[in-house]
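Structural characterization, general
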Amino acid sequence: MSSAPAQIAVTGLAVMGRNLARNLARNGFRVAVHNRSQGRTDALIEEFGHEGEFTAAADLPALVESLETPRKIIIMVKAGEPTDAVIDELVPLLDEGDIVVDAGNAHFADTRRREDALKAKGLHFVGAGVSGGEEGALNGPSIMPGGSTFAYAALEPMLTKIAAHVNGESCCVHVGPDGAGHFVKMLHNGIEYADMQLIAEAYDLLRHVLGLSAPEIADVFRDWNSGDLESFLIEITAEVLSQVDESTGGPFVDVVLDQAEQKGTGRWTVQVALDLGIPVSGMAEAVFARSLSGDVVRREAAAGVLPGPAGKVSVDRDAFIEDVRHALYSSKLVAYAQGFDAIRAASEQYGWNIDLGAMATIWRGGCIIRARFLDRIKEAYDRDANLPSLLVDDYFKEAVANGQEAWRRVVGVAAAAGVPAPGFSASLSYYDGLRAERLPAALIQGLRDLFGAHTYHRVDREGAFHLDWSGDRKEHDA
Ligand SMILES: NC(=O)C1=CN([C@@H]2O[C@H](COP(=O)(O)OP(=O)(O)OC[C@H]3O[C@@H](n4cnc5c(N)ncnc54)[C@H](OP(=O)(O)O)[C@@H]3O)[C@@H](O)[C@H]2O)C=CC1
Ligand SMILES: O=C(CO)[C@H](O)[C@H](O)COP(=O)(O)O
């Protein structure tokens, strides 16, 4: 316990807040801690009080009272209404110049609204995305703070110190004003959804096309983790697939209900991308696949009733494993390309001026999507800060060129075998759509003009045109 004023406070001491507070204390900062139900505060002090200088506060007034000024208070509670409830209780207790940090997951529009509201009261509000789960919060997460440069400057020494470090660089940079930090964290989660869906599809294909067991597939993932696919999610996939269930003695994965839950960040990503007009098809398919998995009524009505392919698909074991590796890597590149495209579009729309290469840098350590190839993304943006798509960077272009035939075979095998692979196939369609010199969108424009006089543009002349479909079928300037 500390008698000097605390330098920073954390309210909300569930898995993330508790470990973030411990991380701050372990790094030498005096931390005041509070939780709505006192039990979590007491447990933190009892179990980990020896790790640094903590001040336990029974309520928010005591928390505020324990801090040096300007006060810095991190809120780490359940996203949505609980965050507003804490802000509403906290704000009347604060003085001009104090800094409130929401380090939970938040929709960036809520962050913009909250920042505006607090600014009107002379307070600073920082929406900071934090990724890394329980372990990252304790040992070094990836931190994506938004908000004013003034507020970030006050927090920077602490945040950059407690964040993960890769090659001596902190995985925390100021993302941009107002909601920029939470937007980038939301996209991080969208990519996390896509990545996990692609991993699940790879597992499903190896299990059902090749008939490999869960521990055999764990070995495949372990092997993949020593190459281009090296990442936290591939590593923990091997761990989950190796796990044996104590009560049945069978693979743990076989006793888990096959209904993927979701707290909302993946859905927000897709909704926001629709508004921005940016295709994030890999993430959208990941969200839909989770929804389908949880749609028990329709799954029960269809399972074992709707027919699938008649025969079995036969493939060479080693060649197919290699094909799936390529399909996974290429589809993963599409997810990142789409994710960075959405960040670029939002940055333009909201005037955030986000440094895309820096985002790849802060995702290299601490966070759930940390991966070897993020270095490659950083290098791609170093080569060209205005890269239109990651997929056209020379390095990634070649990586996909090497894997695309395999990717196509995998999508074909999945369809022939009746194994759902929405992530692989949607990503491949995006790739083919992107590289097409001419798309059937021309026909859609023709149809729109016929039924609704919506007009069209021509390849050979400027202007908008309409054809008199029900009359002489002559073209007119629109
Ligand atoms: N878990 C994870 O891996 C990650 C989570 N996040 C985000 O971090 C935040 C915290 O996550 P996590 O630690 O998992 O905890 P939860 O999201 O489960 O939230 C639990 C915490 O919220 C508090 N809380 C809930 N409702 C209220 C309320 N109305 N007023 C005050 N406090 C309230 C709880 O207090 P009480 O104990 O009294 O119930 C508890 O401290 C969330 O925004 C989450 O989305 C971000 C990255 C990773
Ligand atoms: O933010 C996170 C990691 O970065 C959380 O783990 C995320 O909320 C998990 O999302 P979901 O429960 O929807 O799978």
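Residues numbered from 1 in each chain as written. Chains lettered and ligands numbered in written order. Predicted model: local features only at pLDDT ≥ 70, side-chain atom pairs only at ≥ 80, totals over all residues. Heavy atoms only, no water.

1. What about the site of ligand 2?
In the vicinity of ligand 2, the contacting residues are Asn 105, Ser 131, Lys 185, His 188, Asn 189, Glu 192, Tyr 193, Gln 262, Lys 263, Gly 264, Arg 290 and Ile 368. Side-chain polar atom of Asn 105 to an oxygen atom of ligand 2: 3.0 Å apart, as the coordinates give it. Here an oxygen atom of ligand 2 and a side-chain polar atom of Glu 192 are 3.1 Å apart. Among the residues making up the shell around ligand 2, the classes are represented as 2 nonpolar, 6 polar and 4 charged. (Near = heavy atom within 4 Å. Polar contact = N/O pair within 3.5 Å; in protein donor to acceptor, adjacent residues only side chain to side chain. Nonpolar A, V, L, I, M, F, W, Y, C, P; charged D, E, K, R; others polar.)

2. Considering the nonpolar core
In terms of nonpolar packing, the biggest core is built from 96 residues, with Phe 221, Trp 224 and Trp 363 touching the most fellow members. Among the elements that make up this core, the one with the highest residue count is helix 14 (residues 317-350) (16 residues). Beyond its immediate sequence surroundings of up to four residues, Trp 363 is in contact with Ser 142, Met 144, Val 184, His 188, Ile 191, Phe 340, Ile 343, Ile 369, Arg 370, Ala 371 and Leu 374. Within the second largest apolar cluster, 32 residues are counted, among which are Val 10, Ile 99, Ala 151 and Cys 172. (Core = buried A, V, L, I, M, F, W, Y, C linked by side-chain atoms within 4.5 Å. Buried < 20%, exposed > 50% of the residue type's maximum accessible area, 1.4 Å probe, protein only. Helix = DSSP H or I, 4+ residues; strand = E, 2+ residues; numbered from the N terminus. Contact = heavy atoms within 4.5 Å.)

3. A few points about the packing of helix 14 against helix 18 (residues 422-435)
Put simply, helix 14 and helix 18 touch, their axes get as near as 9 Å, and they point 65 degrees apart. Judged by the twist between their axes, the crossing of helix 14 over helix 18 is left-handed. Between helix 14 and helix 18, the residues in contact are Ala 327, Leu 328, Ser 331, Val 334, Gln 338 and Asp 341 and Gly 423, Phe 424, Ser 427 and Tyr 430, respectively. Taken together, the residues of the contact of helix 14 with helix 18 sort by class into 5 nonpolar, 4 polar and 1 charged. (Axes fitted to C-alpha atoms, helices over the stretch in contact; angles between N-to-C directions. Left-handed = near helix turned anticlockwise from the far one by under 90°.)

4. Concerning the sheet that holds strand 11 (residues 464-467)
With antiparallel pairing, the 3 strands of this open sheet are ordered in space as 10-11-12. In the strand order of this sheet, the two ends are held by strand 10 (456-457) and strand 12 (475-477), each with one partner. Here strand 10 runs beside strand 11; their pairing, made up of 2 bridges, is antiparallel. Across the sheet, Tyr 456 pairs through a bridge with Phe 465, a residue of strand 11. (Pairing = 2+ DSSP bridges.)

5. Focus on the packing of aromatic side chains
Taken as a whole and judged by the stated rule, the model has 14 aromatic pairs. Plain terms: the ring middles of Tyr 336 and Phe 373 are 4.6 Å apart, the flat faces sit at 85 degrees to each other, and that makes the pair edge-to-face. With Tyr 336 in helix 14 and Phe 373 in the loop between helix 15 (356-362) and helix 16 (374-383), the pair connects residues that are 37 residues apart, well separated along the chain. Judged by relative accessible area, Phe 373 falls into the buried class, the value being 3%. The ring of Phe 48 has Arg 22 lying over it, and the distance from NZ or CZ to the ring centre is 3.4 Å. (Phe/Tyr/Trp six-rings, centres within 6.5 Å; stacked < 30°, edge-to-face > 60°. Lys NZ or Arg CZ within 6 Å of the ring centre and 35° of its normal.)

6. Some remarks on a nonpolar patch on the surface
A surface patch of nonpolar side chains, amounting to about 290 Å² of accessible area, comprises Val 240, Phe 252, Val 255 and Val 256. By secondary structure assignment, the location of Phe 252 is in the loop between helix 10 (232-242) and helix 11 (265-276). Assessed through its relative accessible area of 34%, Phe 252 is described here as partly exposed. (Patch = residues over 30% accessible without salt bridge, like charges linked within 9 Å, V, L, I, M, F, W, Y side chains within 5 Å. Areas by Shrake-Rupley, 256 points an atom, 1.4 Å probe, with all protein chains shown as cover. Salt bridge = Lys/Arg side-chain N within 4 Å of Asp/Glu carboxyl O.)

7. Describing the site of ligand 1
Taken together, 20 residues lie around ligand 1, and Asn 35, Arg 36, Ser 37, Arg 40 and Val 77 are the ones closest in. Between ligand 1 and Asn 35 there is a distance of 2.7 Å, counted from an oxygen atom to a side-chain nitrogen or oxygen. Here an oxygen atom of ligand 1 sits 2.6 Å away from a polar atom, N or O, in the side chain of Arg 40. Contributions of two or more residues to the shell around ligand 1 are made by helix 1 (15-26) and helix 4 (81-90). Looking at the shell around ligand 1 residue by residue, the class counts come to 10 nonpolar, 6 polar and 4 charged.

8. As for the environment of Gly 17
Looking at the element boundaries, Gly 17 is found in helix 1. For the pair Gly 17 and Val 33, spaced 16 residues apart in sequence, the C-alpha separation works out to 9.0 Å. Setting aside residues up to four positions removed in sequence, Gly 17 forms contacts with Val 10, Gly 12 and Met 76.

9. Overview of a positive patch on the surface
A cluster of like positive charges, contributed by Arg 36, Arg 40, Lys 78 and Lys 263, occupies part of the molecular surface. Here Arg 36 lies in the loop between strand 2 (31-34) and helix 2 (38-48). (Lys, Arg positive; Asp, Glu negative; His and termini not counted. Charge placed at Lys NZ, Arg CZ, Asp CG, Glu CD.)

10. Regarding the UniProt feature "domain: 6-phosphogluconate dehydrogenase C-terminal" (unreviewed entry) in the protein chain
Under the present numbering, the feature "domain: 6-phosphogluconate dehydrogenase C-terminal" (unreviewed entry) in UniProt falls on residues 181-470. Taken end to end, residues 181-470 has its terminal C-alpha atoms 53 Å apart, with 63% of it in helix and 2% in strand. (UniProt positions renumbered as here; feature names shortened; annotations may be inferred.)

11. Comments concerning the pairing of strand 1 (residues 8-11)
By the alternation rule, side chains of strand 1 split into Ile 8 and Val 10 and Ala 9 and Thr 11, which are all buried. Pairing of strand 1 with strand 2, which is carried by 4 bridges, proceeds in the parallel orientation. When the bridges of strand 2 are listed, Ala 9 appears paired with Ala 32. For the crossover from strand 1 across helix 1 to strand 2, the handedness is right-handed. Judged from the 3 bridges that link them, strand 1 and strand 4 (residues 72-75) form a sheet pairing that is parallel. Pairing of Val 10 across the sheet is with Ile 74, part of strand 4. (Right-handed = clockwise from strand over helix to strand, strands pointing away.)

12. What to know about helix 18
In this model helix 18 runs 20 Å from its N-terminal to its C-terminal C-alpha over 14 residues, within 8% of the 20 Å that 1.5 Å per residue would give. Listing the buried residues of helix 18 in full gives Gly 423, Phe 424, Ala 426, Ser 427, Leu 428, Tyr 430 and Tyr 431. (Expected span 1.5 Å × (residues − 1).)

13. A short note on the sheet that holds strand 5 (residues 99-102)
Hydrogen bonds between backbone groups are what pair the strands of a sheet, and the pairing can be parallel or antiparallel. Read from one edge to the other, the open sheet built from 7 strands follows the order 3-2-1-4-5-6-7, with strand pairing classed as mixed. What marks the edges here is a single partner per strand, and that holds for strand 3 (54-56) and strand 7 (142-145). In this sheet, adjacent strand axes meet at a mean angle of 25 degrees when their direction is disregarded.

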